[in-house]
Amino acid sequence: NDRKMVSLGCCSSEAVGSAVPGTFIMAGPISSEGEVTALFAALSGPLRRYFRIIGLSRDDADEAVQETFLRLHQHLGNHGDRTNLRGWIFAVARNLARNVFKSGHRRRVEGCGDNLERCAAITDPGRTPEEQAIQGERMRRLRISIGRLSPQQRECVRLRAAGLKYREIAAVLGIGVSNVGELVQ
């Protein structure tokens, strides 16, 4: 029997895309293409959100998502380790993002980037002037607070905002789960 369990989280499930987030079982012959397709369906949204949170444009984020899954396909095709693929995917994504920023070959950010006030205005254009002022003040305070975080704390918050669990963040950053908890607090 060629059943292969692919664990993305802490639990196991009985079907691809089950109600238990983070876990998949691939039934039948092991197919890296099938695994990549299932993982893409489950993780492309959170991965794209992560790339946008760190400041990539929509186009760069889409390209980075494609590159991440291309690397996953190659990894699985070469019989790479299948444990904690969600963490592996986000570690690859983090490295890709770092390379994009180092190379300077990225498009001008179309979205919010570090301009949280603009992001708030984009997401809710129907607000009253009073609501806009209140939201602008909240965003200013948030930007100041985020600016006070260490780079490692900011990365933990970004990964958490992308939907990763503490254990997965720990795997991506190569630190202990308890350290992630302390950094996110």
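Residues numbered from 1 in each chain as written. Predicted model: local features only at pLDDT ≥ 70, side-chain atom pairs only at ≥ 80, totals over all residues. Heavy atoms only, no water.

Topic: the side chain of Glu155
Moving on, step 1. For Glu155, the position within the fold is in helix 6 (residues 151-161).
Moving on, step 2. Setting aside its immediate chain neighbours within four residues, Glu155 contacts Tyr50, Arg94 and Leu173. (Helix = DSSP H or I, 4+ residues; strand = E, 2+ residues; numbered from the N terminus. Contact = heavy atoms within 4.5 Å.)

Some remarks on the pattern of salt bridges
Moving on, step 1. Applying the stated rule across the entire model yields seven salt bridges.
Moving on, step 2. Among the ionic pairs, Glu137 bridges to Arg140, the shortest N-O distance being 2.6 Å. You can see Glu137 and its partner Arg140 sitting in helix 5 (residues 129-147), three residues apart, about one turn around the helix.
Moving on, step 3. Taking the relative accessible area as the measure of exposure, Arg140 reaches 34% and is therefore partly exposed.
Moving on, step 4. For the salt bridge of Glu137 with Arg141, the shortest nitrogen-to-oxygen distance reads 3.0 Å. (Salt bridge = Lys/Arg side-chain N within 4 Å of Asp/Glu carboxyl O. Buried < 20%, exposed > 50% of the residue type's maximum accessible area, 1.4 Å probe, protein only.)

Looking at the nonpolar core
Moving on, step 1. One finds Leu47, Tyr50, Phe51, Phe69, Leu72, Phe90 and Leu159 to be the most contacted residues of the largest nonpolar core, which totals 31 residues.
Moving on, step 2. Looking at this core, the elements that each hand over two or more residues are helix 1 (32-53), helix 2 (58-77), helix 3 (85-103), helix 6, helix 7 (166-173) and helix 8 (177-184).
Moving on, step 3. In contact with Leu47, other than residues within four places in its own chain, are Val65, Thr68, Phe69, Ile89, Phe90 and Ala93. (Core = buried A, V, L, I, M, F, W, Y, C linked by side-chain atoms within 4.5 Å.)

Here we look at helix 7
Moving on, step 1. All of the buried residues along helix 7 are Glu168, Ile169, Ala170, Val172 and Leu173.
Moving on, step 2. The inward-facing, buried residues of helix 7 contact helix 3, helix 6 and helix 8.
Moving on, step 3. In the stretch just after helix 7, Gly174 is the one whose phi turns positive, near 70 degrees.

Re the confidence of the model for the protein chain
Moving on, step 1. On average, the protein chain scores 74 in pLDDT, and the residues at 70 or more come to 71%.
Moving on, step 2. Across the protein chain, helix 2 holds the top mean pLDDT of 90, while strand 2 (residues 23-26) sits lowest at 39.
Moving on, step 3. Segment residues 1-30 is flagged for pLDDT under 50; beyond a separation of four residues in sequence, or across chains, it makes 66 contacts in the model. (pLDDT = per-residue confidence, 0-100.)

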